[in-house]
Amino acid sequence: MMSYSILAGSFLSLILPVRATYNVNWWKTIHLSAINIYSRFSAGNNVILVDSNGNIHVVTYEKTNCELEDYNIYYWTNSSGQWVYTKISQGLSPPQVNPVITLDFNNVIHIVWCGKVGDNYDLFYVNNSRRTWTSHYNITRTPDVSEEDPSITVDSSGVIHLVFINMKYNTVMYLNKSSVGWSTPINITDPAVFSEIRPP
């Protein structure tokens, strides 16, 4: 089984297996950077996936100015035969951070991340279902609450499942996206649920 690694630091690095002979792995390192680096903490929350065609997909956030919280979301792929990137959060005011990525069975990329809106964070979503990126969509739209730490997956029916933390109440929230759109978030760590499972 091939494995891939992401390193973050003064630049984003991808470590790839080149070949394997007599049980000896040969590796090469590719430095991925969308920007000139001024901060040792310029890249973070790196997530990597490989699709059914063997193409590699990476999502990360990078800082473009060491004096500011100028973080944006970048997506990298080698599907064209060379490494190219797209600034996914184009048009949104930074900071944009903590991206997560998943693939469905048609190799469509789905990305969710945390974007600053006013004093709090909302969750934003894009996909490339038509081989071009959709406009970013604000899933949560709650100006008085921060939503953070998202996690995403897609089931065999193409339904997207998303969980995240409601930072105001420190609860785990769940919602999904089907053909009719995004559902209303529900609190899956409601105290009543916990009391049924684990009596005090």
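Structure's up top.
Predicted, not measured: the structure shown is a model, and the values here were computed from it.

S.K.: So what's going on with the pairing of strand β5 (residues 56–63)? Residues and values would help.
M.R.: The element β5 is extensively covered by neighbouring structure, given that eight of its eight residues are classed as buried. Side chains Ile-56, Val-58, Thr-60 and Glu-62 of β5 all project onto a buried face; the interleaved residues His-57, Val-59, Tyr-61 and Lys-63 project onto the opposite face, where all are buried too. Here β5 runs beside strand β6 (residues 71–77); their pairing, made up of seven bridges, is antiparallel. Considered in β6, the bridge of Lys-63 is made with Tyr-71.

S.K.: Any details on the pairing of strand β12 (residues 147–154)? Residues and values, ideally.
M.R.: Sheet topology note: the β12/strand β13 (residues 160–166) ladder contains six bridges and is antiparallel. Bridged to Glu-148 within β13 is Ile-165. A loop of five residues connects β12 with β13, the two strands running antiparallel in sequence, and Gly-158 in this loop sits at a positive phi of about 85 degrees.

S.K.: Residues and numbers for the nonpolar core, please.
M.R.: Within the largest apolar cluster, 30 residues are counted, with the highest numbers of intra-cluster contacts made by Ile-111, Val-112, Trp-113, Ile-139 and Leu-162. Elements with a contribution of two residues or more to this core: β5, β6, β8 (96–103), β9 (109–117), β10 (120–127), β12, β13 and β14 (171–178). In contact with Val-112, not counting residues within four places along its chain, are Asn-98, Pro-99, Val-100, Leu-123, Phe-124, Tyr-125, Ile-139, Pro-150, Ile-152 and Leu-162.

S.K.: Which residues make up the sheet that holds β9, and what values go with them?
M.R.: Here four strands make up an open sheet; going across it, the order is β8-β9-β10-β11 and the pairing antiparallel. A single partner strand is all that each edge strand has here, and the edge strands are β8 and β11 (137–138). Bridge count between β10 and β11: two bridges; the pairing is antiparallel. Among the inter-strand pairings, Tyr-125 is bridged to a residue of β11, identified as Tyr-137.

S.K.: Give a detailed account of the layout of surface pockets, specifying residues and quantitative values.
M.R.: Here the largest pocket defines a volume of roughly 200 Å³. Lining the largest pocket are 14 residues, with His-57, Tyr-75, Ser-79, Asn-128 and Arg-131 positioned closest to its centre. Residues belonging to the lining of the largest pocket are distributed by class as follows: three nonpolar, nine polar and two charged.

S.K.: Residues and numbers for the side chain of Thr-77, please.
M.R.: Mapped onto the elements, Thr-77 comes out in strand β6. What makes Thr-77 buried here is its relative accessible area of 7%. Within the local environment of Thr-77, its side chain forms a polar contact with the backbone oxygen of Ile-56, the two atoms lying 3.0 Å apart. A polar contact of 3.2 Å, which involves the side chain of Thr-77, links it to the backbone nitrogen of Ser-79.

S.K.: How would you explain the environment of Leu-92 if you had to name every residue and give the values?
M.R.: On the secondary structure map, Leu-92 appears in the loop between β7 (84–87) and β8. Taking the C-alpha atoms as reference points, Leu-92 and Gly-115, 23 residues apart in sequence, are found 7.9 Å from one another. Those residues within four positions of Leu-92 in sequence are excluded, and the remaining contacts are Asn-72, Trp-113, Phe-124 and His-136.

S.K.: Residues and numbers for the side chain of Asn-78, please.
M.R.: Position of Asn-78 relative to the elements: it lies in the loop between β6 and β7. Engagement of the side chain of Asn-78 in a polar contact is seen with the backbone nitrogen of Ile-56, the distance being 2.8 Å. The residues touching Asn-78, leaving out its near neighbours within four places in the chain, are Asn-55, Ile-56 and Trp-83.

Cut-offs used in this document
- Residues numbered from 1 in each chain as written.
- Predicted model: local features only at pLDDT ≥ 70, side-chain atom pairs only at ≥ 80, totals over all residues.
- Heavy atoms only, no water.
- Buried < 20%, exposed > 50% of the residue type's maximum accessible area, 1.4 Å probe, protein only.
- Helix = DSSP H or I, 4+ residues; strand = E, 2+ residues; numbered from the N terminus.
- Pairing = 2+ DSSP bridges.
- Core = buried A, V, L, I, M, F, W, Y, C linked by side-chain atoms within 4.5 Å.
- Contact = heavy atoms within 4.5 Å.
- 1 Å grid on protein atoms, 1.4 Å probe; cavity = no way out; pocket = protein on both sides within 12 Å on 5 of 7 lines; lining within 4 Å.
- Points joined across faces, edges and corners; volume = space filled by probe spheres on them.
- Nonpolar A, V, L, I, M, F, W, Y, C, P; charged D, E, K, R; others polar.
- Polar contact = N/O pair within 3.5 Å; in protein donor to acceptor, adjacent residues only side chain to side chain.

Everything listed here is a matter of coordinates, which is why it stays silent on function.
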